[in-house]
Amino acid sequence: MQYKIPRGTFDILPSDTWRWQVVINAYREVACAYGYEEIVTPIFEQVELFERSSGENSDIVQKEMYRFQDKKERWLALRPEGTAPVVRSYVENHLDAQSRITRLFYIGPMFRYDRPQAGRYRQFYQYGAECIGSHHPYFDAEIIAMQSTFLTKLGLKDIILEINSVGCPECSKEYDQALSKYFDQYKDELCPDCQNRLQTKPRRLLDCKVPHCKSLAVKAPLLTEYLDNDCKEHFSQVQNYLKMMDISYQINPRIVRGLDYYTHTAFEFLNMSLGAQNAISGGGRYDGLISQVGGKDIPAVGIAGGFERLLLSLDQEKISLGERPTPIAYLVLAGEQAKELGIKLLKDWRQAGFAIAHDPEKDSFKAQLKAADNSQARYALIIGDDEITQEIVTVKDLRHGEQKSCSIKDVAYLLLQGLE
RNA sequence: GUGGAUGUAGUUCAAUUGGCAGAGCACCGGAUUGUGGUUCCGGGCGUUGUGGGUUCAAGUCCCAUCUUCCACCCCA
(Lines give C-alpha, C1' and ligand atoms only; values in the text may rest on other atoms or scores of the structure.)
Protein backbone atom coordinates (compact mmCIF):
# COMPACT_ATOMS: atom_id res chain seq x y z
CA MET A 1 0.00 0.00 0.00
CA GLN A 2 1.37 3.33 -1.07
CA TYR A 3 0.12 5.99 1.30
CA LYS A 4 -0.65 9.39 -0.07
CA ILE A 5 -0.72 12.78 1.54
CA PRO A 6 -4.26 14.01 2.22
CA ARG A 7 -5.79 16.23 -0.39
CA GLY A 8 -4.99 19.90 -0.11
CA THR A 9 -2.00 19.39 2.16
CA PHE A 10 1.67 19.46 1.29
CA ASP A 11 5.02 18.42 2.65
CA ILE A 12 7.68 21.01 3.10
CA LEU A 13 10.81 19.15 2.07
CA PRO A 14 14.39 19.86 3.08
CA SER A 15 14.96 21.54 -0.25
CA ASP A 16 12.43 24.14 0.88
CA THR A 17 12.32 24.20 4.65
CA TRP A 18 15.16 26.67 4.84
CA ARG A 19 13.18 29.18 2.78
CA TRP A 20 10.30 28.90 5.21
CA GLN A 21 12.72 29.47 8.07
CA VAL A 22 14.05 32.61 6.44
CA VAL A 23 10.58 34.06 5.97
CA ILE A 24 9.42 33.06 9.43
CA ASN A 25 12.51 34.51 11.05
CA ALA A 26 12.04 37.71 9.10
CA TYR A 27 8.51 37.96 10.44
CA ARG A 28 9.63 37.35 14.02
CA GLU A 29 12.22 40.07 13.69
CA VAL A 30 9.81 42.63 12.31
CA ALA A 31 7.15 41.79 14.88
CA CYS A 32 9.73 42.13 17.62
CA ALA A 33 10.79 45.53 16.32
CA TYR A 34 7.20 46.71 16.53
CA GLY A 35 6.90 45.44 20.07
CA TYR A 36 4.80 42.39 19.37
CA GLU A 37 5.30 39.19 21.36
CA GLU A 38 4.62 35.70 20.18
CA ILE A 39 1.69 33.68 21.42
CA VAL A 40 1.04 30.02 20.68
CA THR A 41 -2.44 28.59 21.01
CA PRO A 42 -3.76 25.08 20.34
CA ILE A 43 -4.57 23.89 16.88
CA PHE A 44 -8.09 22.99 17.92
CA GLU A 45 -10.65 24.87 19.95
CA GLN A 46 -14.29 24.55 20.88
CA VAL A 47 -16.48 24.81 17.83
CA GLU A 48 -18.56 27.55 19.41
CA LEU A 49 -15.60 29.89 19.63
CA PHE A 50 -15.43 30.09 15.86
CA GLU A 51 -19.18 30.04 15.37
CA ARG A 52 -19.55 32.99 17.68
CA SER A 53 -16.62 34.99 16.36
CA SER A 54 -16.60 34.38 12.62
CA GLY A 55 -20.37 34.30 12.41
CA GLU A 56 -22.65 31.30 12.14
CA ASN A 57 -23.47 32.13 8.54
CA SER A 58 -19.94 32.69 7.34
CA ASP A 59 -18.69 30.21 4.77
CA ILE A 60 -15.86 29.30 7.06
CA VAL A 61 -18.20 28.07 9.72
CA GLN A 62 -20.85 26.76 7.37
CA LYS A 63 -18.78 24.61 5.08
CA GLU A 64 -15.05 24.96 5.59
CA MET A 65 -14.43 24.06 9.20
CA TYR A 66 -13.00 20.72 10.19
CA ARG A 67 -15.18 19.59 13.09
CA PHE A 68 -14.91 16.49 15.17
CA GLN A 69 -15.99 15.06 18.48
CA ASP A 70 -13.53 13.76 21.02
CA LYS A 71 -14.13 10.72 23.23
CA LYS A 72 -16.20 12.74 25.66
CA GLU A 73 -18.26 13.96 22.73
CA ARG A 74 -17.06 17.53 22.98
CA TRP A 75 -17.37 19.35 19.67
CA LEU A 76 -14.01 20.67 18.55
CA ALA A 77 -12.75 22.33 15.41
CA LEU A 78 -9.35 22.62 13.81
CA ARG A 79 -8.77 26.33 13.86
CA PRO A 80 -9.74 27.96 10.54
CA GLU A 81 -8.17 31.27 11.50
CA GLY A 82 -6.00 32.74 14.21
CA THR A 83 -7.73 35.75 15.66
CA ALA A 84 -10.46 34.02 17.64
CA PRO A 85 -8.03 31.72 19.50
CA VAL A 86 -5.77 34.63 20.35
CA VAL A 87 -8.69 36.63 21.66
CA ARG A 88 -9.91 33.62 23.62
CA SER A 89 -6.52 33.29 25.23
CA TYR A 90 -6.34 37.00 25.90
CA VAL A 91 -9.63 36.92 27.75
CA GLU A 92 -9.04 33.63 29.51
CA ASN A 93 -5.60 34.62 30.79
CA HIS A 94 -6.60 38.17 31.73
CA LEU A 95 -3.89 39.68 29.59
CA ASP A 96 -5.84 42.94 29.73
CA ALA A 97 -4.90 43.24 33.38
CA GLN A 98 -1.20 43.36 32.61
CA SER A 99 -1.09 46.35 30.32
CA ARG A 100 -3.47 48.61 28.52
CA ILE A 101 -2.21 47.68 25.09
CA THR A 102 -1.36 44.06 24.30
CA ARG A 103 0.57 43.35 21.14
CA LEU A 104 0.60 39.71 20.06
CA PHE A 105 1.65 37.77 17.02
CA TYR A 106 1.36 34.12 16.04
CA ILE A 107 2.60 31.72 13.40
CA GLY A 108 1.13 28.35 12.65
CA PRO A 109 -1.09 26.09 10.59
CA MET A 110 -4.77 26.79 9.94
CA PHE A 111 -7.32 24.43 8.44
CA ARG A 112 -10.12 24.94 6.00
CA TYR A 113 -11.97 22.37 3.97
CA ASP A 114 -11.94 23.98 0.57
CA ARG A 115 -11.19 22.95 -2.97
CA PRO A 116 -7.41 23.12 -3.32
CA GLN A 117 -5.81 25.46 -5.79
CA ALA A 118 -2.44 27.12 -6.14
CA GLY A 119 -2.04 29.28 -3.05
CA ARG A 120 -4.99 27.66 -1.35
CA TYR A 121 -4.69 24.57 0.79
CA ARG A 122 -6.63 22.71 3.43
CA GLN A 123 -3.79 23.01 5.87
CA PHE A 124 -2.04 26.30 5.35
CA TYR A 125 0.35 28.40 7.32
CA GLN A 126 -0.50 31.83 8.55
CA TYR A 127 1.18 34.55 10.48
CA GLY A 128 -0.81 37.23 12.15
CA ALA A 129 -0.69 40.04 14.64
CA GLU A 130 -3.26 41.52 16.96
CA CYS A 131 -3.08 44.80 18.79
CA ILE A 132 -5.64 44.68 21.57
CA GLY A 133 -6.70 47.46 23.89
CA SER A 134 -7.27 50.65 21.95
CA HIS A 135 -9.61 52.18 19.43
CA HIS A 136 -7.00 54.76 18.48
CA PRO A 137 -6.45 54.97 14.71
CA TYR A 138 -2.70 54.98 15.21
CA PHE A 139 -2.82 51.26 15.95
CA ASP A 140 -4.62 50.51 12.70
CA ALA A 141 -1.80 52.24 10.90
CA GLU A 142 0.82 50.56 13.05
CA ILE A 143 -0.35 47.10 12.17
CA ILE A 144 -0.43 48.02 8.49
CA ALA A 145 3.03 49.52 8.80
CA MET A 146 4.34 46.36 10.37
CA GLN A 147 3.10 44.31 7.44
CA SER A 148 4.52 46.81 5.01
CA THR A 149 7.89 46.62 6.73
CA PHE A 150 7.83 42.87 6.57
CA LEU A 151 7.04 42.74 2.86
CA THR A 152 9.61 45.41 2.09
CA LYS A 153 12.22 43.62 4.12
CA LEU A 154 11.70 40.47 2.08
CA GLY A 155 12.18 42.57 -1.03
CA LEU A 156 8.68 42.38 -2.49
CA LYS A 157 7.86 45.27 -4.77
CA ASP A 158 4.75 44.36 -6.69
CA ILE A 159 2.47 44.94 -3.75
CA ILE A 160 -0.62 47.08 -3.48
CA LEU A 161 -2.26 48.13 -0.23
CA GLU A 162 -5.98 48.70 -0.35
CA ILE A 163 -7.90 50.09 2.57
CA ASN A 164 -11.50 50.73 3.38
CA SER A 165 -13.74 51.38 6.31
CA VAL A 166 -16.65 49.05 6.93
CA GLY A 167 -17.99 51.35 9.62
CA CYS A 168 -19.44 50.55 12.98
CA PRO A 169 -22.37 48.16 13.45
CA GLU A 170 -24.83 51.06 13.30
CA CYS A 171 -23.87 52.65 10.00
CA SER A 172 -23.06 49.23 8.69
CA LYS A 173 -26.60 48.09 9.25
CA GLU A 174 -28.03 51.14 7.60
CA TYR A 175 -25.78 50.61 4.63
CA ASP A 176 -26.74 46.97 4.20
CA GLN A 177 -30.35 47.98 4.06
CA ALA A 178 -29.65 50.59 1.42
CA LEU A 179 -27.65 48.08 -0.55
CA SER A 180 -30.37 45.46 -0.42
CA LYS A 181 -32.88 48.02 -1.52
CA TYR A 182 -30.72 49.04 -4.46
CA PHE A 183 -30.03 45.53 -5.73
CA ASP A 184 -33.56 44.39 -5.08
CA GLN A 185 -34.79 46.37 -8.07
CA TYR A 186 -32.49 44.33 -10.33
CA LYS A 187 -33.19 41.09 -8.57
CA ASP A 188 -34.00 39.15 -11.73
CA GLU A 189 -30.89 40.28 -13.57
CA LEU A 190 -28.48 39.06 -10.92
CA CYS A 191 -26.53 35.83 -11.21
CA PRO A 192 -27.77 32.97 -9.01
CA ASP A 193 -24.89 33.47 -6.59
CA CYS A 194 -25.78 37.10 -6.17
CA GLN A 195 -29.45 36.36 -5.68
CA ASN A 196 -28.30 34.30 -2.78
CA ARG A 197 -25.96 36.96 -1.49
CA LEU A 198 -28.79 39.45 -1.59
CA GLN A 199 -30.45 37.44 1.16
CA THR A 200 -27.40 36.68 3.28
CA LYS A 201 -24.61 39.18 2.69
CA PRO A 202 -25.53 42.01 0.36
CA ARG A 203 -22.00 43.41 0.51
CA ARG A 204 -20.68 40.41 -1.31
CA LEU A 205 -22.55 41.60 -4.37
CA LEU A 206 -20.01 44.36 -4.71
CA ASP A 207 -17.18 42.11 -5.74
CA CYS A 208 -19.03 39.64 -7.94
CA LYS A 209 -17.07 38.85 -11.10
CA VAL A 210 -20.00 38.30 -13.44
CA PRO A 211 -19.92 41.25 -15.87
CA HIS A 212 -23.54 42.20 -15.55
CA CYS A 213 -23.51 42.11 -11.75
CA LYS A 214 -20.33 44.10 -11.90
CA SER A 215 -21.92 46.80 -14.02
CA LEU A 216 -24.87 47.00 -11.64
CA ALA A 217 -22.49 47.24 -8.71
CA VAL A 218 -20.82 50.29 -10.18
CA LYS A 219 -23.84 52.42 -9.41
CA ALA A 220 -24.57 50.84 -6.07
CA PRO A 221 -24.37 53.04 -3.00
CA LEU A 222 -20.98 53.08 -1.31
CA LEU A 223 -20.40 52.51 2.34
CA THR A 224 -18.34 55.67 2.57
CA GLU A 225 -21.53 57.64 2.00
CA TYR A 226 -23.14 55.97 4.96
CA LEU A 227 -20.37 56.31 7.51
CA ASP A 228 -21.32 58.38 10.51
CA ASN A 229 -19.06 61.19 11.66
CA ASP A 230 -17.07 59.15 14.14
CA CYS A 231 -16.39 56.45 11.59
CA LYS A 232 -15.38 58.99 8.98
CA GLU A 233 -13.07 60.70 11.39
CA HIS A 234 -11.46 57.42 12.42
CA PHE A 235 -10.90 56.42 8.82
CA SER A 236 -9.33 59.73 7.90
CA GLN A 237 -7.09 59.60 10.96
CA VAL A 238 -5.87 56.17 9.93
CA GLN A 239 -5.00 57.66 6.55
CA ASN A 240 -3.17 60.52 8.19
CA TYR A 241 -1.02 58.12 10.13
CA LEU A 242 -0.30 56.12 7.00
CA LYS A 243 0.82 59.31 5.30
CA MET A 244 3.05 60.18 8.23
CA MET A 245 4.64 56.77 7.90
CA ASP A 246 5.04 57.22 4.19
CA ILE A 247 2.95 54.20 3.31
CA SER A 248 1.10 54.45 0.04
CA TYR A 249 -2.37 53.02 -0.26
CA GLN A 250 -5.47 53.04 -2.36
CA ILE A 251 -8.96 53.32 -1.04
CA ASN A 252 -11.10 50.50 -2.30
CA PRO A 253 -14.68 50.93 -1.11
CA ARG A 254 -15.39 47.38 -2.27
CA ILE A 255 -13.18 45.62 0.22
CA VAL A 256 -15.41 43.34 2.19
CA ARG A 257 -14.30 41.14 5.02
CA GLY A 258 -15.41 37.56 5.11
CA LEU A 259 -15.66 37.36 8.84
CA ASP A 260 -18.43 39.06 10.76
CA TYR A 261 -16.36 40.61 13.46
CA TYR A 262 -14.71 43.40 11.49
CA THR A 263 -15.54 47.05 12.14
CA HIS A 264 -14.04 50.28 10.83
CA THR A 265 -10.74 49.76 9.04
CA ALA A 266 -10.39 46.88 6.60
CA PHE A 267 -7.35 46.35 4.40
CA GLU A 268 -5.65 43.95 2.07
CA PHE A 269 -2.18 43.61 0.65
CA LEU A 270 -2.40 42.29 -2.90
CA ASN A 271 0.13 40.95 -5.32
CA MET A 272 -1.29 41.47 -8.78
CA SER A 273 0.94 38.94 -10.47
CA LEU A 274 -0.46 36.09 -8.44
CA GLY A 275 -3.66 35.07 -10.22
CA ALA A 276 -6.94 34.54 -8.47
CA GLN A 277 -5.55 33.93 -5.00
CA ASN A 278 -3.81 37.27 -4.90
CA ALA A 279 -4.49 38.51 -1.38
CA ILE A 280 -1.33 37.84 0.53
CA SER A 281 -2.52 39.36 3.73
CA GLY A 282 -5.46 41.19 5.10
CA GLY A 283 -7.06 42.33 8.26
CA GLY A 284 -8.84 45.09 10.01
CA ARG A 285 -10.31 46.39 13.19
CA TYR A 286 -12.60 44.25 15.31
CA ASP A 287 -13.87 46.37 18.15
CA GLY A 288 -16.77 44.14 19.05
CA LEU A 289 -15.15 40.74 19.04
CA ILE A 290 -13.70 40.57 22.50
CA SER A 291 -16.94 41.29 24.25
CA GLN A 292 -18.62 38.91 21.85
CA VAL A 293 -16.55 36.02 23.08
CA GLY A 294 -17.06 36.85 26.72
CA GLY A 295 -14.48 39.50 27.50
CA LYS A 296 -14.80 43.14 28.38
CA ASP A 297 -15.63 45.71 25.75
CA ILE A 298 -12.11 46.09 24.46
CA PRO A 299 -11.28 47.29 20.94
CA ALA A 300 -8.59 45.72 18.78
CA VAL A 301 -7.09 45.60 15.33
CA GLY A 302 -5.30 42.75 13.59
CA ILE A 303 -3.85 41.26 10.46
CA ALA A 304 -3.21 37.81 9.06
CA GLY A 305 -1.25 36.62 6.08
CA GLY A 306 -0.45 33.36 4.37
CA PHE A 307 3.04 32.02 3.89
CA GLU A 308 2.20 29.99 0.79
CA ARG A 309 1.17 33.01 -1.23
CA LEU A 310 4.03 34.98 0.18
CA LEU A 311 6.50 32.40 -1.08
CA LEU A 312 4.69 32.28 -4.42
CA SER A 313 5.09 36.04 -4.67
CA LEU A 314 8.77 35.81 -3.89
CA ASP A 315 9.15 33.20 -6.65
CA GLN A 316 7.14 35.34 -8.99
CA GLU A 317 9.37 38.33 -8.39
CA LYS A 318 12.44 36.10 -8.51
CA ILE A 319 13.58 37.24 -5.10
CA SER A 320 16.27 35.05 -3.64
CA LEU A 321 16.15 34.26 0.04
CA GLY A 322 19.76 33.15 0.15
CA GLU A 323 20.92 29.61 -0.21
CA ARG A 324 20.14 26.26 1.24
CA PRO A 325 22.57 25.62 4.08
CA THR A 326 25.30 23.14 3.31
CA PRO A 327 27.88 21.51 5.55
CA ILE A 328 31.09 23.40 6.06
CA ALA A 329 33.17 20.28 5.63
CA TYR A 330 33.11 16.66 4.56
CA LEU A 331 35.24 14.16 6.41
CA VAL A 332 37.28 11.81 4.22
CA LEU A 333 38.80 8.84 6.00
CA ALA A 334 41.30 6.36 4.52
CA GLY A 335 42.58 3.39 6.45
CA GLU A 336 41.50 1.64 9.63
CA GLN A 337 43.36 3.86 12.05
CA ALA A 338 42.04 6.99 10.43
CA LYS A 339 38.50 5.67 10.62
CA GLU A 340 38.77 5.13 14.32
CA LEU A 341 40.22 8.53 15.09
CA GLY A 342 38.02 10.21 12.52
CA ILE A 343 34.76 9.08 14.06
CA LYS A 344 35.80 10.53 17.39
CA LEU A 345 36.91 13.83 15.88
CA LEU A 346 33.72 14.00 13.84
CA LYS A 347 31.66 13.84 17.01
CA ASP A 348 33.81 16.45 18.73
CA TRP A 349 33.64 18.88 15.83
CA ARG A 350 29.92 18.46 15.52
CA GLN A 351 29.55 19.01 19.23
CA ALA A 352 31.43 22.26 18.79
CA GLY A 353 28.79 23.29 16.29
CA PHE A 354 30.39 22.58 12.92
CA ALA A 355 28.19 20.98 10.28
CA ILE A 356 30.36 18.17 9.01
CA ALA A 357 29.21 15.47 6.65
CA HIS A 358 30.55 11.95 6.45
CA ASP A 359 29.50 8.65 4.91
CA PRO A 360 31.15 5.49 6.24
CA GLU A 361 29.77 3.45 3.35
CA LYS A 362 31.89 5.22 0.79
CA ASP A 363 35.06 3.20 0.66
CA SER A 364 37.29 4.49 -2.03
CA PHE A 365 39.06 7.76 -1.60
CA LYS A 366 37.62 8.87 -4.87
CA ALA A 367 34.05 8.11 -3.91
CA GLN A 368 34.49 10.06 -0.69
CA LEU A 369 35.81 13.13 -2.44
CA LYS A 370 33.02 12.87 -4.92
CA ALA A 371 30.54 12.71 -2.08
CA ALA A 372 32.26 15.70 -0.52
CA ASP A 373 31.80 17.60 -3.74
CA ASN A 374 28.19 16.53 -3.90
CA SER A 375 27.47 17.61 -0.37
CA GLN A 376 28.41 21.16 -1.39
CA ALA A 377 30.74 21.31 1.56
CA ARG A 378 33.32 24.06 1.44
CA TYR A 379 36.15 21.90 2.71
CA ALA A 380 37.23 18.30 2.72
CA LEU A 381 38.93 17.16 5.91
CA ILE A 382 41.22 14.32 4.96
CA ILE A 383 42.68 11.83 7.40
CA GLY A 384 44.71 8.86 6.19
CA ASP A 385 47.83 7.00 7.23
CA ASP A 386 50.13 9.94 6.46
CA GLU A 387 48.07 12.29 8.58
CA ILE A 388 47.89 9.78 11.44
CA THR A 389 51.64 9.45 11.69
CA GLN A 390 52.13 13.20 11.59
CA GLU A 391 49.08 13.88 13.79
CA ILE A 392 47.61 16.31 11.33
CA VAL A 393 44.55 16.76 9.16
CA THR A 394 44.70 17.76 5.52
CA VAL A 395 42.18 20.50 4.83
CA LYS A 396 41.25 20.94 1.22
CA ASP A 397 39.26 23.87 -0.13
CA LEU A 398 36.89 22.23 -2.56
CA ARG A 399 36.27 25.37 -4.53
CA HIS A 400 39.84 25.98 -5.64
CA GLY A 401 41.49 22.68 -4.84
CA GLU A 402 44.26 24.10 -2.70
CA GLN A 403 45.04 22.21 0.46
CA LYS A 404 46.93 22.66 3.65
CA SER A 405 48.06 20.54 6.57
CA CYS A 406 47.01 21.52 10.00
CA SER A 407 47.27 20.07 13.46
CA ILE A 408 44.16 18.38 14.74
CA LYS A 409 43.40 21.01 17.35
CA ASP A 410 43.64 23.81 14.79
CA VAL A 411 41.02 22.38 12.46
CA ALA A 412 38.20 24.25 14.11
CA TYR A 413 40.10 27.50 13.84
CA LEU A 414 40.85 26.88 10.19
CA LEU A 415 37.19 26.14 9.42
CA LEU A 416 36.24 29.48 10.91
CA GLN A 417 39.04 31.50 9.36
CA GLY A 418 39.40 29.87 5.97
CA LEU A 419 42.57 28.67 4.29
CA GLU A 420 43.71 32.08 3.05
C1' G B 1 -19.62 23.04 -3.83
C1' U B 2 -19.56 24.32 -9.90
C1' G B 3 -17.07 24.21 -14.72
C1' G B 4 -12.57 22.92 -17.62
C1' A B 5 -7.77 20.60 -18.11
C1' U B 6 -3.93 17.12 -16.23
C1' G B 7 -1.32 12.42 -14.57
C1' U B 8 4.50 7.96 -18.31
C1' A B 9 11.69 6.41 -14.52
C1' G B 10 14.03 10.52 -8.83
C1' U B 11 13.06 14.79 -12.38
C1' U B 12 11.95 17.22 -17.32
C1' C B 13 9.67 15.11 -21.29
C1' A B 14 9.18 11.38 -25.81
C1' A B 15 6.35 7.01 -27.75
C1' U B 16 3.28 7.53 -35.73
C1' U B 17 -3.65 5.52 -37.50
C1' G B 18 -4.09 1.15 -30.68
C1' G B 19 1.55 -2.98 -32.28
C1' C B 20 7.95 -5.16 -27.80
C1' A B 21 7.72 1.80 -22.85
C1' G B 22 12.40 5.50 -24.58
C1' A B 23 15.81 10.05 -24.07
C1' G B 24 18.26 14.33 -21.47
C1' C B 25 19.40 15.67 -16.53
C1' A B 26 20.10 13.60 -11.79
C1' C B 27 21.79 9.31 -9.24
C1' C B 28 25.24 4.83 -8.59
C1' G B 29 29.73 2.08 -10.18
C1' G B 30 34.29 1.87 -13.04
C1' A B 31 38.64 4.06 -16.17
C1' U B 32 46.81 1.43 -12.01
C1' U B 33 44.55 0.24 -4.80
C1' G B 34 45.43 8.78 -1.34
C1' U B 35 42.49 13.62 -4.44
C1' G B 36 36.29 15.63 -6.40
C1' G B 37 34.09 19.21 -10.19
C1' U B 38 35.60 18.04 -17.10
C1' U B 39 35.78 13.50 -20.24
C1' C B 40 34.91 8.23 -21.44
C1' C B 41 32.52 3.41 -20.27
C1' G B 42 28.75 0.74 -17.68
C1' G B 43 24.07 0.68 -14.70
C1' G B 44 16.40 1.40 -15.35
C1' C B 45 12.01 -5.71 -15.14
C1' G B 46 8.99 1.80 -14.42
C1' U B 47 2.17 -1.84 -10.69
C1' U B 48 2.32 4.29 -17.71
C1' G B 49 -2.16 7.78 -10.81
C1' U B 50 -5.87 3.67 -9.35
C1' G B 51 -9.95 0.21 -10.66
C1' G B 52 -12.91 -1.68 -14.40
C1' G B 53 -14.26 -2.24 -19.78
C1' U B 54 -13.54 -2.68 -25.45
C1' U B 55 -9.64 -5.40 -28.41
C1' C B 56 -5.66 -10.70 -30.88
C1' A B 57 -3.13 -6.34 -28.78
C1' A B 58 -4.30 -0.27 -24.59
C1' G B 59 0.45 4.72 -22.27
C1' U B 60 -2.90 5.48 -26.55
C1' C B 61 -10.14 4.19 -27.01
C1' C B 62 -14.55 4.01 -23.18
C1' C B 63 -16.41 4.34 -17.91
C1' A B 64 -15.48 5.22 -12.85
C1' U B 65 -12.29 7.06 -9.12
C1' C B 66 -8.13 9.81 -7.04
C1' U B 67 -4.45 13.75 -7.49
C1' U B 68 -2.75 18.24 -9.24
C1' C B 69 -3.61 22.67 -12.07
C1' C B 70 -6.92 26.93 -14.03
C1' A B 71 -11.36 29.68 -13.33
C1' C B 72 -15.77 30.24 -10.27
C1' C B 73 -16.78 30.23 -5.14
C1' C B 74 -14.28 31.48 -0.69
C1' C B 75 -10.36 33.54 1.73
C1' A B 76 -5.00 35.52 3.98
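All values reported here derive from a predicted model rather than from experimental measurement.

## A word on the nonpolar core
What tends to happen in soluble globular proteins is that the nonpolar side chains get buried as a cluster.
Reasoning step 1: One finds Val23, Tyr27, Ile143, Phe150 and Leu310 to be the most contacted residues of the largest nonpolar core, which totals 45 residues.
Reasoning step 2: The leading source of residues in this core is helix H5 (residues 137-154), at nine residues.
Reasoning step 3: Setting aside residues up to four positions removed in sequence, Ile143 forms contacts with Tyr36, Ala129, Glu130, Cys131, Phe267, Val301, Gly302 and Ile303.
Reasoning step 4: By size, the runner-up hydrophobic cluster in this structure holds 23 residues, among which are Cys168, Cys191, Leu198 and Leu227.

## Some details on the protein's contact with RNA strand B
Reasoning step 1: For RNA strand B, the set of nearby residues contains 47 residues, the closest of which are Arg112, Arg197, Arg204, Asp373 and Leu398.
Reasoning step 2: The sugar and phosphate moieties of RNA strand B supply 51% of its atoms located within 4 Å of the protein.
Reasoning step 3: Arg197 has a polar side-chain atom sitting 2.6 Å from a phosphate oxygen of RNA strand B.
Reasoning step 4: Within the backbone of Arg399, an N or O atom sits 2.9 Å from a base nitrogen of RNA strand B.

## Focus on the sheet that holds strand E13 (residues 356-357)
Reasoning step 1: If you trace the five strands from one edge of the open sheet to the other, you get E13-E12-E14-E15-E16, paired in mixed fashion. This sheet does not close on itself; its edge strands, each paired only once, are E13 and strand E16 (403-407).
Reasoning step 2: Looking at chain direction, strand E14 (residues 379-383) and strand E15 (residues 392-397) are connected through four bridges and run antiparallel. Paired with Leu381 across the bridge in E15 is Val395.
Reasoning step 3: Where helix H12 (residues 336-351) meets the sheet, it contacts strand E12 (329-333), E13, E14 and E15, and its direction lies at approximately 160 degrees from that of E12.
Reasoning step 4: Helix H13 (residues 365-374) contacts E12 and E14 of the sheet and is inclined by roughly 175 degrees relative to E12.

## A word on empty space enclosed by the protein
Reasoning step 1: Tallied over the entire structure, the rule returns one cavity of 30 Å³ or more.
Reasoning step 2: Counted as a void, the largest cavity has a volume near 30 Å³.
Reasoning step 3: Around the largest cavity sit Asn164, Val166, Tyr175, Arg203, Leu206, Leu223, Pro253, Ile255 and Val256, which together line it.

## A short note on the pattern of salt bridges
Reasoning step 1: Using the criterion set out here, one finds 16 salt bridges in the structure.
Reasoning step 2: Here Glu92 makes a salt bridge to Arg88, at a shortest N to O gap of 3.0 Å. Of this pair, Glu92 and Arg88 both sit in helix H4 (residues 83-92), separated by four residues, roughly a single helical turn.
Reasoning step 3: Judged by its relative accessible area of 22%, Arg88 is partly exposed.

## Some remarks on unusual backbone geometry
It is generally the case that most residues other than glycine have a negative phi and that most peptide bonds are trans.
Reasoning step 1: Of note in the backbone geometry, Asp246 takes a positive phi value of approximately 65 degrees without being a glycine.
Reasoning step 2: Topologically, Asp246 is positioned in the loop between helix H9 (229-244) and strand E8 (250-251).
Reasoning step 3: Of the residues examined, Asp246 reaches a relative accessible area of 70% and is grouped as exposed.

## Overview of the packing of helix H2 (residues 47-54) against H4
Reasoning step 1: Axis separation between H2 and H4 bottoms out at 10 Å; the angle between their running directions is 105 degrees. Relative to H4, the element H2 is oriented roughly perpendicular. Here Leu49, Phe50 and Ser53 of H2 lie close against H4, whose contacting residues are Ala84, Pro85 and Arg88.
Reasoning step 2: Here the contact of H2 with H4 is composed, by residue class, of four nonpolar, one polar and one charged.

## Here's the deal with the pairing of strand E11 (residues 300-306)
Reasoning step 1: With seven of seven residues buried, E11 lies mostly within the body of the structure.
Reasoning step 2: Side-chain alternation along E11 places Ala300, Gly302, Ala304 and Gly306 on one buried face and Val301, Ile303 and Gly305 on a second face that is also buried.
Reasoning step 3: The pairing of strand E6 (residues 123-132) with E11 spans seven bridges and is antiparallel. Residue pairing across strands places Ala129 opposite Ile303, the latter belonging to E11.
Reasoning step 4: Where strand E10 (residues 279-285) lies against E11, five bridges are found, and the strand directions are antiparallel. Opposite Gly284, over in E11, you have Gly302 as the bridge partner.

## Examining the packing of helix H1 (residues 14-33) against helix H11 (residues 307-316)
Reasoning step 1: Where H1 contacts H11, the axes come no closer than 11 Å and their chain directions differ by 105 degrees. Here H11 runs roughly perpendicular to H1, going by the angle between their axes. Facing H1, whose interface residues are Arg19, Trp20, Val23 and Ile24, H11 presents Phe307, Glu308, Leu310, Leu311, Leu314 and Asp315.
Reasoning step 2: Looking at the contact of H1 with H11 residue by residue, the class counts come to seven nonpolar, no polar and three charged.

## Remarks on the confidence of the model for chain A
Reasoning step 1: The predicted model of chain A has a mean per-residue pLDDT of 91, with 99% of residues at 70 or higher.
Reasoning step 2: Confidence, expressed as mean pLDDT per element, reaches its minimum in chain A at helix H7 (residues 192-200) with 80 and its maximum at strand E1 (residues 37-38) with 98.
Reasoning step 3: Reported confidence for the predicted complex is 0.87 by ipTM and 0.92 by pTM.

## Focus: the packing of aromatic side chains
Reasoning step 1: Per the counting criterion, the structure on display carries 20 aromatic pairs.
Reasoning step 2: For the ring pair Trp20 and Phe307, a centre distance of 6.1 Å and an interplane angle of 50 degrees mean the geometry is tilted. Of this pair, Trp20 sits in helix H1 while Phe307 sits in helix H11, placing them 287 residues apart in sequence.
Reasoning step 3: The class of Trp20 is buried, set by a relative accessible area of 12%.
Reasoning step 4: Put simply, the rings of Phe10, Trp20, Tyr27, Phe105, Tyr121, Tyr125, Tyr127, Phe150 and Phe307 pair up and form one aromatic cluster.
Reasoning step 5: For Arg122, the ring lying beneath its charged end belongs to Tyr113, and the centroid distance is 3.9 Å.

Calculation rules
Residues numbered from 1 in each chain as written. Chains lettered and ligands numbered in written order. Predicted model: local features only at pLDDT ≥ 70, side-chain atom pairs only at ≥ 80, totals over all residues. Heavy atoms only, no water. Core = buried A, V, L, I, M, F, W, Y, C linked by side-chain atoms within 4.5 Å. Buried < 20%, exposed > 50% of the residue type's maximum accessible area, 1.4 Å probe, protein only. Helix = DSSP H or I, 4+ residues; strand = E, 2+ residues; numbered from the N terminus. Contact = heavy atoms within 4.5 Å. Near = heavy atom within 4 Å. Polar contact = N/O pair within 3.5 Å; in protein donor to acceptor, adjacent residues only side chain to side chain. Pairing = 2+ DSSP bridges. Axes fitted to C-alpha atoms, helices over the stretch in contact; angles between N-to-C directions. 1 Å grid on protein atoms, 1.4 Å probe; cavity = no way out; pocket = protein on both sides within 12 Å on 5 of 7 lines; lining within 4 Å. Points joined across faces, edges and corners; volume = space filled by probe spheres on them. Salt bridge = Lys/Arg side-chain N within 4 Å of Asp/Glu carboxyl O. Parallel < 35°, antiparallel > 145°, perpendicular 65-115°, else oblique. Nonpolar A, V, L, I, M, F, W, Y, C, P; charged D, E, K, R; others polar. pLDDT = per-residue confidence, 0-100. Phe/Tyr/Trp six-rings, centres within 6.5 Å; stacked < 30°, edge-to-face > 60°. Lys NZ or Arg CZ within 6 Å of the ring centre and 35° of its normal.

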